[in-house]
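Examining the three-dimensional arrangement
Chain residues, written in single-letter form:
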Amino acid sequence: MMRKHAGWFLSCLPAVLLLSGCATTKSPKSAALGPGSVLVVTAERANLRSCSSLRCRVVAVLEHGDGVVRIGGKKGWVKVRVKATGREGWMAARLVGKETVKKQPEITEEWSAPEK
């Protein structure tokens, strides 16, 4: 009798977890970066392409910190609209993010503490 109930419970477990919020169909990262999300270029430079392939024509080169709005995406690529120009194109998803990656400050001269 116990095995019969265990089988029923295990067959219902995915539905219970999904309805309770313990499991989701989307990963948190993809949900947070849905269409309309404002992103920034996190690489030093990133190619904006006419389609989602390295073989596609480069239509613009974006710089670190440039803002874009996500309008779609598929398999490691995001379709974006550049905030400054309105131009649309595709970028590798790994080159954009929610926040700008902070650079280490450049040392332009040696600093020493003032003498007392």
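Below is a short write-up of the structure.

Each value, and the rule that gives it
Here, residues in each chain are numbered from 1, in the same order as that chain's written sequence. Given that this is a predicted model, residues contribute local features only at a pLDDT of at least 70 and side-chain atom pairs are listed and counted only at 80 or more, while totals for whole chains, interfaces and linings are drawn from all residues. Side-chain measures were taken over the full set of non-hydrogen atoms in the model, leaving aside hydrogen atoms and water. Where helices and strands are cited, they refer to DSSP runs of H or I of at least four residues and of E of at least two residues respectively, numbered from the N terminus. Using a 1.4 Å probe on the protein chains alone, a residue whose accessible area is under 20% of its type maximum counts as buried, one over 50% counts as exposed, and one in between counts as partly exposed. His residues and chain termini do not enter the charge count, which takes Lys and Arg as positive and Asp and Glu as negative. The term salt bridge refers to a side-chain nitrogen of Lys or Arg lying within 4 Å of a carboxyl oxygen of Asp or Glu. Contacts described as polar in this section are N or O atom pairs within 3.5 Å, which, within protein, must combine one atom able to donate a hydrogen with one able to accept it, while residues neighboring in sequence count only if both atoms come from side chains. The contact criterion used throughout is that any non-hydrogen atoms of two residues lie within 4.5 Å.

1. A few points about the side chain of Arg 49
By the element assignment, Arg 49 lies in strand S2 (residues 45-49). One buried charged residue, Arg 49, remains without a salt bridge, the closest side chain of opposite sign being Glu 63 at 14 Å. At a separation of 3.1 Å, a polar atom in the side chain of Arg 49 contacts the main-chain carbonyl oxygen of Leu 54. Leaving out residues up to four positions away in the same chain, Arg 49 has contacts with Leu 54, Cys 56, Arg 57, Val 58, Val 59, Trp 77, Gly 89 and Trp 90.

2. Details of the pattern of salt bridges
On inspection of all chains with the given rule, the structure shows two salt bridges. Between Glu 63 and Arg 45 there is a salt bridge, with the nearest N and O atoms lying 3.4 Å from each other. Taken together, the positions of Glu 63 in strand S3 (residues 58-63) and Arg 45 in strand S2 put the pair 18 residues apart, joining distant regions of the chain. We classify Arg 45 as exposed; its relative accessible area is 58%. A salt bridge links Glu 88 to Arg 81; the nearest nitrogen and oxygen atoms lie 3.0 Å apart. You can call Glu 88 partly exposed: its relative accessible area is 39%.

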